[in-house]
Amino acid sequence: MPIVESNNVTETEVTANAGTAPETEISTAAVLVLEDGRIFRGRSYGATGTALGEAVFATGMTGYQETITDPSYARQLVVQTAPHIGNTGVNADDAESRRIWVAGYIVRDAARRPSNWRSERSLDSELVEQGIVGIQGVDTRAITRHLREHKTMRAGIFSGEAARATDKELVDTVLASAPMEGARLAEEVSVDESYIVEPRDWGWDGEPLFSIAAIDLGIKRMTPIRFAERGVRVHVLPATATLADVQAVNPDGFFMSNGPGDPATADNQVKLLRSVLDEKLPYFGICFGNQILGRALGFGTYKLRYGHRGINQPVMDRRTGKVEITSQNHGFAVDAPLDGATQAPEERYGRVEVSHVSLNDDVVEGLSCLDIPAFSVQYHPEAASGPHDAAYLFDRFIELMADTKEAAKSPTAVSPTAAAETKPSTDSKTEDKK
């Protein structure tokens, strides 16, 4: 039987807000329904209608615009744990992709009006314009605690006419929606045509140091910019790219981005990466790219109970012993041995070790291949809204490409991966220019 939760918003609060709130904020009731029957009632925020997806919570206290425009949130209803959302509005510069990707948006206290010198329009109006259904005035603390205790689950936001259905009808609608397990979404969020990000457009003087082929599985805008700032030309290719497409741009390195969906469905990308690894082309993967490397090496993946989403996730870099505060957004993880080097199940790739680990729950946060030039991390080192502790990983990849190119000139030289194990770290702290 559906259970209706108190949302701690009184009639007095609604009336008090009515004098200054936008018309869309005060006129429509809305309801959040979880697949286990939990129901939270509030008011419409953004567009009116129905939104179905996986309910997840994001713990960042800043960067809500970067969150909702991150393609990794495709088909997800995002609960913001920070209580006050929308106070800085939105602008064209902070979007991480061409559109908002969250399926629905859940907030406690929506700002009545934005107040920031960079604001170009309100978050509410942006949600309306892009057709994103949301709900405000619900107890996001209670929702978050429920998801932590019972795992992420399918959910629906219903407002306007859609909210007039009975509780049972709403729960049945949610139960009929598709789960995240088995979802193949990278092709849906990827670009259709390739494009190039040039270093000269991002403050780099002189000729590019390297060029890379980057597969867009849901890439965020700041990722190729972080490469370009360091003198790397980035050829961004669609998720459907083939080995011939990669070879056509003659890259010095290969990159796979973050993205949404179940990594168990990424067979085409796993096949492509194996072909690249067989060519000994240096590889760096982020988030979904980490899971694809895990699968390419022969490891499995699994779904986390409630995932890691936010900009305050502590990770240990085992190479340096440093703890990084990282930006993360993933609901799946690689299933690999945590301690020491191990032979990859796909034996031709040699030894591999878990290079980074979550300090919250020991989830694999990075992989490092010891006999081929390849590594990856589960989190987001580009982190436009912060933190920037992990920006050095872009420099580490540049070092790997340089070492690989040098080794190719001297066949008797030590392999770049072996050199990296003994070479003192020179990771730089390139300052965020955003």
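Residues numbered from 1 in each chain as written. Predicted model: local features only at pLDDT ≥ 70, side-chain atom pairs only at ≥ 80, totals over all residues. Heavy atoms only, no water.

Glancing now at the pattern of salt bridges. A complete count under the given rule lists 24 salt bridges for this structure. We note a salt bridge from Glu161 to Arg164, for which the minimum N-O separation is 3.2 Å. On the basis of relative accessible area, Arg164 is assigned to the exposed category, the value being 65%. Note that Asp172 and Lys168 form a salt bridge whose closest N and O atoms lie 2.8 Å from each other. A residue pair is termed a helical-turn pair when its members lie 3 or 4 positions apart in one helix, as Asp172 and Lys168 do in helix α6 (residues 167-175) at four residues. Residue Lys168 is classed as exposed on the basis of its relative accessible area, which comes to 55%. (Salt bridge = Lys/Arg side-chain N within 4 Å of Asp/Glu carboxyl O. Buried < 20%, exposed > 50% of the residue type's maximum accessible area, 1.4 Å probe, protein only. Helix = DSSP H or I, 4+ residues; strand = E, 2+ residues; numbered from the N terminus.)

Another aspect to go through is the confidence of the model for the protein chain. Averaged over all residues, the pLDDT of the protein chain is 89; the fraction at 70 or higher stands at 88%. Within the model, pLDDT remains below 50 along residues 418-434, and this stretch shows 34 contacts once partners closer than five positions in the same chain are excluded. (pLDDT = per-residue confidence, 0-100. Contact = heavy atoms within 4.5 Å.)

The residue His308 is located in strand β16 (residues 300-317) in this model. Using a relative accessible area of 4% as the deciding quantity, one classes His308 as buried. At 2.7 Å, the side chain of His308 and the side chain of Asp361 are in polar contact. Once residues within four sequence positions are removed from consideration, His308 is found in contact with Gln313, Gln328, Asn329, His330, Ser358, Asp361, Val363 and Glu365. (Polar contact = N/O pair within 3.5 Å; in protein donor to acceptor, adjacent residues only side chain to side chain.)

In this section: unusual backbone geometry. Positive phi values are uncommon outside glycine, yet Lys151 reaches one of about 85°. Here Lys151 shows up in the loop between α5 (140-150) and β10 (153-159). Backbone geometry at Lys280 places phi at a positive 60°, although glycine is not the residue there. Mapped onto the elements of the fold, Lys280 is located in the loop between α10 (267-278) and β15 (283-286).

A few words now on the pairing of strand β3 (residues 38-46). With seven of its nine residues buried, β3 lies for the most part within the structure. The pairing of strand β2 (residues 29-34) with β3 spans five bridges and is classified as antiparallel. Bridge pairing in β3 places Leu32 opposite Phe40. Taken together, the four bridges between β3 and strand β9 (residues 133-136) define a ladder with antiparallel strand orientation. Paired with Tyr45 across the bridge in β9 is Gly134. (Pairing = 2+ DSSP bridges.)

A few words on the pairing of β16. Here β16 runs beside strand β17 (residues 322-335); their pairing, made up of twelve bridges, is antiparallel. The residue bridging Gly310 from the neighbouring strand is Gln328, located in β17. Hairpin remark: β16 followed by β17, antiparallel, with four residues in the connecting loop; positive phi at Gly321, about 80°.

Attention now moves to the packing of α10 against helix α11 (residues 288-296). Packing of α10 against α11 brings their axes to within 9 Å, and their N-to-C directions diverge by 70°. The pairing of α10 with α11 is recorded here as roughly perpendicular in orientation. Of α11, the residues touching α10 (which contributes Asp267, Gln269, Val270, Leu273, Arg274 and Leu277) are Ile292, Leu293, Arg295 and Ala296. Classifying every residue of the contact of α10 with α11 gives six nonpolar, one polar and three charged. (Axes fitted to C-alpha atoms, helices over the stretch in contact; angles between N-to-C directions. Parallel < 35°, antiparallel > 145°, perpendicular 65-115°, else oblique. Nonpolar A, V, L, I, M, F, W, Y, C, P; charged D, E, K, R; others polar.)

Bringing α6 into the picture now. Counting along an α-helix, one turn takes 3.6 residues, and residues three or four places apart therefore face a common direction. Those residues of α6 that sit buried are Leu170, Val171 and Val174. Each buried residue of α6 sits inside an arc of 95° when the element is viewed along its axis, so together they form one side. Summarising the contacts, the buried residues of α6 are in contact with β2, β4 (50-58) and β10. (Arc of directions from axis to C-beta.)

Across all of its chains, the model carries eleven aromatic pairs by this definition. Ring centres of Phe227 and Phe397 lie 6.1 Å apart, and the angle between their planes is 65°; this geometry places the pair in the edge-to-face category. One end of the pair, Phe227, is in helix α8 (residues 222-229); the other, Phe397, is in helix α12 (residues 392-409), and 170 residues separate them in sequence. Linked through ring pairs, Phe227, Phe255, Phe284, Phe375, Phe394 and Phe397 together constitute an aromatic cluster. Between the NZ or CZ atom of Arg99 and the centre of the ring of Trp101, over which it lies, the distance is 4.0 Å. Sitting over the ring of Phe332, Lys303 keeps its end group 5.7 Å from the ring centre. (Phe/Tyr/Trp six-rings, centres within 6.5 Å; stacked < 30°, edge-to-face > 60°. Lys NZ or Arg CZ within 6 Å of the ring centre and 35° of its normal.)

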